[in-house]
Amino acid sequence: MIEYDLALDEPRNTDSYVKLHDLLFIYDDKASDEIGAFVKIDFVPSQGLKLINANQTLAYALQMKTV
């Protein structure tokens, strides 16, 4: 079982990132391999934050963490 988290963090030398609308999204190679080329972060009031890739919902009821 794979666990996904959303966290406030700083990039490391081995991380990759994408900047969208002045927000920096940081991920490592393992996350990229598991998630694929597309990920959507959505918020549903009854379910919290959700991570969805092209094939499925990866995680739901997520809360933002700090590292």
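Heads up: these notes are all about the structure in this document. Since we're looking at a predicted model, the values are computed, not measured.

What counts as what
Residues numbered from 1 in each chain as written. Predicted model: local features only at pLDDT ≥ 70, side-chain atom pairs only at ≥ 80, totals over all residues. Heavy atoms only, no water. Helix = DSSP H or I, 4+ residues; strand = E, 2+ residues; numbered from the N terminus. Rg over C-alpha atoms; globule rule 2.2 N^0.38 Å. Buried < 20%, exposed > 50% of the residue type's maximum accessible area, 1.4 Å probe, protein only. Contact = heavy atoms within 4.5 Å. Areas by Shrake-Rupley, 256 points an atom, 1.4 Å probe, with all protein chains shown as cover. Lys, Arg positive; Asp, Glu negative; His and termini not counted. Charge placed at Lys NZ, Arg CZ, Asp CG, Glu CD. Polar contact = N/O pair within 3.5 Å; in protein donor to acceptor, adjacent residues only side chain to side chain. Salt bridge = Lys/Arg side-chain N within 4 Å of Asp/Glu carboxyl O. Pairing = 2+ DSSP bridges. Axes fitted to C-alpha atoms, helices over the stretch in contact; angles between N-to-C directions.

### As for the overall build of the chain
On a plain count of helices and strands, the chain comes out with one helix and seven strands. In the chain, the succession of helices and strands from N to C terminus is β-β-β-α-β-β-β-β. A compact globule built from 67 residues should have a C-alpha radius of gyration of about 11 Å, and the chain, at 12 Å, falls within 12% of that. Taken along the three principal axes of its C-alpha coordinates, the chain extends 35 × 25 × 25 Å. A burial count over the chain gives 19% of its 67 residues as buried. Expressed as a percentage of contacts within the chain between residues at least 6 apart in sequence, the contacts between residues at least 24 apart total 30%. In the structure as shown, the chain presents an accessible area of about 5700 Å², 51% of it carried by carbon and sulfur atoms. Taking the average location of the 6 positive side-chain charges in the chain and that of its 11 negative ones, the two points are 5 Å from each other.

### A short note on the side chain of N53
Residue placement: N53 occurs in strand β5 (residues 48–53). Only 3.2 Å separates the side chain of N53 from the backbone oxygen of I35, close enough to count as a polar contact. There is a polar contact of 2.9 Å between the side chain of N53 and the backbone nitrogen of N55.

### As for the side chain of D15
Looking at where D15 falls in the secondary structure, it is placed in the loop between β1 (6–8) and β2 (16–20). No salt bridge is formed by the buried D15, whose closest oppositely charged neighbour, R12, lies at an N-O distance of 4.0 Å. A distance of 2.9 Å separates the side chain of D15 from the backbone nitrogen of R12, its partner in a polar contact.

### Points about the sheet that holds β5
What the three strands build is an open sheet, ordered β4-β5-β6; its pairing is antiparallel. Since the sheet does not close on itself, it has two edges, and those belong to β4 (39–44) and β6 (57–62), each with one partner. Neighbour-to-neighbour, the strand axes of the sheet open up by a mean angle of 15 degrees, direction not taken into account. Relative to β6, β5 is paired through three bridges, and the arrangement is antiparallel. For L51, the partnering residue across the bridge sits in β6 and is A59.

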